[in-house]
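Topology and contacts: notes
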Amino acid sequence: MDAIVAVCSDWAIGKDGGLLVRNKEDMHRFVQLTRGCTVVMGRKTYESFPGGPLKGRRNVIVTHDASYVPPKAQNLAEGTSVVVVTSPEAALAAAQGDAQAWLIGGESLYRALLPQCACCFVTLNKTQVDGADAFFPNLDEDPRWTLASRDGEGVTAEGVPFEFVTYQRTAR
């Protein structure tokens, strides 16, 4: 499994359940990398998607509520499925054997499953947002991760500079 995340300079990832920076290039990259794959996410992350399940992907949703019924998970587009599990360990088991699985958030699931990831694809938005309340572990300060590549940079429509960086796990 690999992780994919958009962070700000202070490794913040969210505020009040939403993204901090709107970045079309980041969204395009996310779709390009995850389409046709399994995506593992927490319930709050799932519920932040206005259209329900991510199309063309196997959506694995982690929630503590065993009776959870995901909204908008009926009449799914071809190639789209939804699986609900009740623990990070069950999410790993659900994704085992899949050609490619992506950990896509939120904060608590990143913290629980990041040690199981081989690579982390980061969109680094070079800004900070007041009031951010969700954070990703700072991989620059974690000796188990090393910067593997810088894959391009740009500026959002709102003028926020960003770059795509990839980290590799060096130790478990």
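The paragraphs below set out a description of the structure included in this document.

1. Remarks on helix α3 (residues 88-95)
An α-helix turns once every 3.6 residues. As a result, residues three or four positions apart point the same way. Of all the residues in α3, the buried ones are P88, A91, A94 and A95. One side of α3 holds all its buried residues, which, seen down the axis, span an arc of 115 degrees. Buried residues along α3 sit against β3 (38-42), β4 (58-62), β5 (81-85), β6 (101-105) and α4 (107-113). A positive backbone phi angle near 90 degrees is found at G97, which sits one or two residues after α3.

2. Some words on the sheet that holds strand β9 (residues 145-155)
Within a beta sheet, neighbouring strands are joined by backbone hydrogen bonds and run either parallel or antiparallel to one another. Strands sit in the order β5-β4-β3-β6-β1-β7-β10-β9 across an open sheet of eight strands; the sheet is mixed. Both outer strands of the open sheet, β5 and β9, are each paired with one neighbouring strand and no more. Pairwise comparison of adjacent strand axes, ignoring direction, gives a mean angle of 20 degrees for this sheet. Pairing between strand β1 (residues 2-8) and β6: two bridges, direction parallel. Considered in β6, the bridge of D2 is made with W102. The sheet strands contacting α3 are β3, β4, β5 and β6, and the helix crosses β4 at an angle near 165 degrees.

3. Some details on the environment of F30
Tracing the chain through its elements places F30 in helix α1 (residues 24-34). Judged by its relative accessible area of 17%, F30 is buried.

4. What about the side chain of N23?
Among the secondary structure elements, N23 is positioned in the loop between β2 (12-14) and α1. We classify N23 as buried; its relative accessible area is 5%. In this structure the side chain of N23 is engaged in a polar contact, spanning 2.9 Å, whose partner is the backbone nitrogen of D26. At a separation of 3.3 Å, a polar atom in the side chain of N23 contacts the side chain of N125.

What counts, and where the lines are drawn
- Residues numbered from 1 in each chain as written.
- Predicted model: local features only at pLDDT ≥ 70, side-chain atom pairs only at ≥ 80, totals over all residues.
- Heavy atoms only, no water.
- Buried < 20%, exposed > 50% of the residue type's maximum accessible area, 1.4 Å probe, protein only.
- Helix = DSSP H or I, 4+ residues; strand = E, 2+ residues; numbered from the N terminus.
- Arc of directions from axis to C-beta.
- Contact = heavy atoms within 4.5 Å.
- Pairing = 2+ DSSP bridges.
- Axes fitted to C-alpha atoms, helices over the stretch in contact; angles between N-to-C directions.
- Polar contact = N/O pair within 3.5 Å; in protein donor to acceptor, adjacent residues only side chain to side chain.

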